[in-house]
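Below are the chains, spelled out letter by letter.
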Amino acid sequence: MMRILNLIVFGPVMIGTGVALAGVAFVPGASARVFVFVLGVAFIAGGTWATARLRRVAVHLCDDTLRYSGFLSSWTAPRAGITAVLDDAFVEWRDDHGAEHRRQIWLLTRARE
């Protein structure tokens, strides 16, 4: 449900904000026109990227792996190597070479008490 709300609200709001900011650059007498226009274009690009990327953000638990696909980074942990899943959304595991890893799954949040 939350992903659908983010898809409907977050990206389009950023795009709309960018259009409004970029539009201010064309108002007669406006100061800092280039800055406002560049800021508006950055908002439009960020909103477009967030809307396109949101469909791919997920946690996948398969028979042999846990795969996290996030906005900025993605990683995979062998399911058999997972040693702990903490309540602050961290996952700890050991890889095939015995090295310990700890990553946060940003989609998980602490339970309300």
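Residues numbered from 1 in each chain as written. Predicted model: local features only at pLDDT ≥ 70, side-chain atom pairs only at ≥ 80, totals over all residues. Heavy atoms only, no water.

Enquirer: Report on the nonpolar core, specifying residues and quantitative values.
Expert: Judged by nonpolar contacts, L66, Y68, W75, A77, V91, W93 and I105 together constitute the single largest core of seven residues. Looking at this core, the elements that each hand over two or more residues are β2 (65–69), β3 (74–78) and β5 (90–94). Beyond its immediate chain neighbours, meaning those up to four positions away, V91 contacts L66, W75, I82, A84, H101, R102, R103 and I105. (Core = buried A, V, L, I, M, F, W, Y, C linked by side-chain atoms within 4.5 Å. Buried < 20%, exposed > 50% of the residue type's maximum accessible area, 1.4 Å probe, protein only. Helix = DSSP H or I, 4+ residues; strand = E, 2+ residues; numbered from the N terminus. Contact = heavy atoms within 4.5 Å.)

Enquirer: An account of the side chain of S69 is requested, with residue identities and associated values reported.
Expert: By the secondary structure assignment, S69 is in strand β2. For S69, the residues in contact, after removing those within four places along its chain, are R53, R56, V57, A58, H60 and S74.

Enquirer: Pulling in residues and values, what's your account of the pattern of salt bridges?
Expert: Oppositely charged side chains are able to pair whenever their charged atoms sit close together. In the structure shown here, the tally under the stated rule is two salt bridges. Residue R102 is joined to E92 by a salt bridge in which the shortest nitrogen-to-oxygen separation is 3.7 Å. Separated by ten residues along the polypeptide, R102 in strand β6 (residues 100–104) and E92 in strand β5 bring together distant segments of the chain. Among the residues examined, E92 registers a relative accessible area of 24% and is labelled partly exposed. Across the pair R94 and E100 runs a salt bridge whose closest N-O atoms are separated by 2.6 Å. (Salt bridge = Lys/Arg side-chain N within 4 Å of Asp/Glu carboxyl O.)

Enquirer: Tell me about the confidence of the model for the protein chain, and please be specific about residues and values.
Expert: Taken residue by residue, the protein chain gives an average pLDDT of 82. The fraction at 70 or more is 87%. Within the model, pLDDT remains below 50 along residues 109–113, and this stretch shows two contacts once partners closer than five positions in the same chain are excluded. (pLDDT = per-residue confidence, 0-100.)

Enquirer: I'd like a rundown of the pairing of β6, residues and numbers included.
Expert: Bridging between β5 and β6 involves five bridges; their strand directions are antiparallel. Bridging across to β6, E92 finds its partner in R102. The hairpin formed by β5 and β6 contains five residues between the paired strands, and G98 there has a positive phi angle of roughly 90°. (Pairing = 2+ DSSP bridges.)

Enquirer: Tell me about helix α2 (residues 33–54), and please be specific about residues and values.
Expert: Residues three or four positions apart in an α-helix share a direction because the helix packs 3.6 residues into each turn. Taking 1.5 Å of rise per residue, 22 residues should cover 32 Å, and α2 covers 31 Å from first to last C-alpha, within 8% of that figure. Restricting attention to buried positions, one finds in α2 the residues V36, G40, G47, A50, R53 and L54. (Expected span 1.5 Å × (residues − 1).)

Enquirer: Let's hear about unusual backbone geometry: which residues, and what values?
Expert: Of note in the backbone geometry, A32 takes a positive phi value of approximately 55° without being a glycine. Along the chain, A32 turns up in the loop between α1 (2–24) and α2.

Enquirer: Break down the sheet that holds β3 for me, citing the residues and quoting the values.
Expert: Taken in spatial order, the three strands line up as β1-β2-β3 in an open sheet, and their pairing is antiparallel. Of all the strands in the sheet, the pair left with one neighbour each is β1 (58–61) and β3. Across the sheet, the mean angle separating the axes of adjacent strands is 10° when strand polarity is ignored. The sheet contact formed by β2 and β3 spans five bridges and is antiparallel. Each residue of the ladder has a partner; that of L66, found in β3, is A77. (Axes fitted to C-alpha atoms, helices over the stretch in contact; angles between N-to-C directions.)

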